[in-house]
Amino acid sequence: MFIADNLAQIIENINISANKASYIGKNISDSVKLVAVTKNHSVLAVREAIAAGVMAIGENRIQEAIDKAQGLNACVEWQLIGHLQTNKVRQAVSLFDMIQSVESERLAIEIDRAAGKIGKRQDILMQINVANEDTKFGISAREVMSLGRFISNLEHVRLCGLMTVAPFYENTEFARPIFREMYQLFMELRDANLVNTKVEWLSMGMTNDYIVAIEEGSNLVRIGTGIFGQRQY
Ligand SMILES: *Cc1c(COP(=O)(O)O)cnc(C)c1O
C-alpha cells in the first residue's frame, strides 16, 4: 500500500516541478519520465509498483536485473543505471532498452559489437561526472562532444542523451549549479545534431534531489528510496 502512496506523492511533485521548468522555458520535452530504481528490492515490491503505474525499471546490476525480469515477466522498460563491465555487455544488451552508463570508447565499441550480433540498435546515454568526483564513474564535461562524435559513428548504438549522479548534498540547492551545467552540456550536444543520434533524454535527479533536477531541465528521474523506502543491504 505504501508504495502506491509514495508513488502518487512523487508523481505530484514531479508535475509541479515540471510545470515550473516549463514556465521558465527549461523543459526539453512535454513530460518527465520516472524510472523506478529497484535494486535490493524484492520482486514482490516491484510488482506492487508496476500495479501502481510504474512503467520503467532501473537496475544497477546485470544479474539482479536478469533474475528480476524472469521473476516479473512483465511488460516494462529496463534501464541500466549502474557501471557496466565489458565482460557483462552481451547480457546487458540482451535485456536493457537503455544503457545509461556509457563512459568510454571501449565500452561503446563492445556494446556496438554485441548489439550488431543480435540485430539490435542499442539506445545509450553517456554518463557524466560533472563534479569530477574521484568516487564516481563517468566522463568529464569537456569530453562530451568527442565521445559523442565517436559514438555517433557506431552503427548499432544510438546516442540518446546524458546521465549524471550529482554529489549528495543535505541542502539540494548546492546541486543546482551542477544540474545547470548538465543542461548546458545537453543543449550543446543536442544542437550539434550529430548523425545517427537522437539526443532527447537528460537523466538526472534521485530521491534526494529530483525536484531541483527537474527545475533545471531534467526529463528523466531515477527514484528508488522515495518509492520503496530504505534499501536493506
Ligand atoms: C540507486 C541509484 C538511484 C536511486 O537512488 P535513490 O536515492 O534511492 O532514489 C538513482 N541512480 C543511480 C545511478 C543509482 O545507483
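The following refers to the structure shown. Treat the numbers as computed from the prediction; the structure is a model and nothing was measured. (Residues numbered from 1 in each chain as written. Predicted model: local features only at pLDDT ≥ 70, side-chain atom pairs only at ≥ 80, totals over all residues. Heavy atoms only, no water.)

### Notes on the pairing of strand β4 (residues 98-102)
Rule in force here: Working definition: with a 1.4 Å probe on protein chains only, accessible area under 20% of the residue-type maximum means buried, over 50% means exposed, and in between means partly exposed. Where helices and strands are cited, they refer to DSSP runs of H or I of at least four residues and of E of at least two residues respectively, numbered from the N terminus. We treat two strands as partners when DSSP finds at least two bridges between them. With strands facing away from the observer, any crossover in which the path from the first strand over the helix to the second runs clockwise is taken as right-handed.
For β4, the tally of buried residues reaches 5 of 5 residues, placing the bulk of the element in the interior. With 2 bridges connecting them, strand β3 (residues 77-80) and β4 associate as parallel partners. Bridge assignment links Gln79 to a residue of β4, and that residue is Met98. When β4 meets strand β5 (residues 122-128), the two strands line up parallel, connected through 3 bridges. Opposite Val102, over in β5, you have Met126 as the bridge partner. Where the polypeptide runs from β4 across helix α5 (residues 105-117) and back to β5, its parallel neighbour, the crossover connection is right-handed.

### Examining the packing of aromatic side chains
Heads up, the rule is: Centres within 6.5 Å make a pair out of two Phe, Tyr or Trp rings, where for Trp the six-membered ring is used; the pair is then stacked when the planes are under 30 degrees apart, edge-to-face when over 60, and tilted otherwise. Charge-over-ring placement is defined geometrically: NZ (Lys) or CZ (Arg) within 6 Å of the ring centre, and within 35 degrees of the ring normal.
Counted by the stated rule, this structure contains 1 aromatic pair. Look at Tyr169 and Phe174: their rings are 5.8 Å apart centre to centre, the planes differ by 50°, and that puts the pair in the tilted class. Using a relative accessible area of 27% as the deciding quantity, one classes Tyr169 as partly exposed. Overall, Phe174 belongs to the exposed group, its relative accessible area being 54%. One residue, Lys26, lies across the ring of Tyr183, its end atom 4.8 Å from the ring centre.

### Observations regarding the site of the ligand
So the rule is basically this: Any residue with at least one heavy atom within 4 Å of a molecule or strand is counted as near it. Polar contact is the term for a pair of N or O atoms within 3.5 Å; when the atoms are in protein, one must be able to donate a hydrogen and the other to accept it, and sequence-neighboring residues count only if both atoms are side-chain atoms. Values of accessible area rely on a 1.4 Å probe in the Shrake-Rupley scheme; residue burial ignores everything except the protein chains shown. Each residue is assigned to one class: nonpolar for Ala, Val, Leu, Ile, Met, Phe, Trp, Tyr, Cys and Pro, charged for Asp, Glu, Lys and Arg, and polar for all the others, Gly among them.
Surveying the vicinity of the ligand reveals the residues Val37, Lys39, Asn60, Ile81, Val165, Met206, Thr207, Arg222, Ile223, Gly224, Thr225 and Arg231. Contact between the ligand and Thr207: an oxygen atom at 2.4 Å from a side-chain N or O atom of the residue. Here a nitrogen atom of the ligand and a side-chain polar atom of Arg222 are 2.9 Å apart. When isolated, the ligand has an accessible area of 390 Å², and the protein chains bury 89% of it. Of the residues in the shell around the ligand, the class split is 5 nonpolar, 4 polar and 3 charged.

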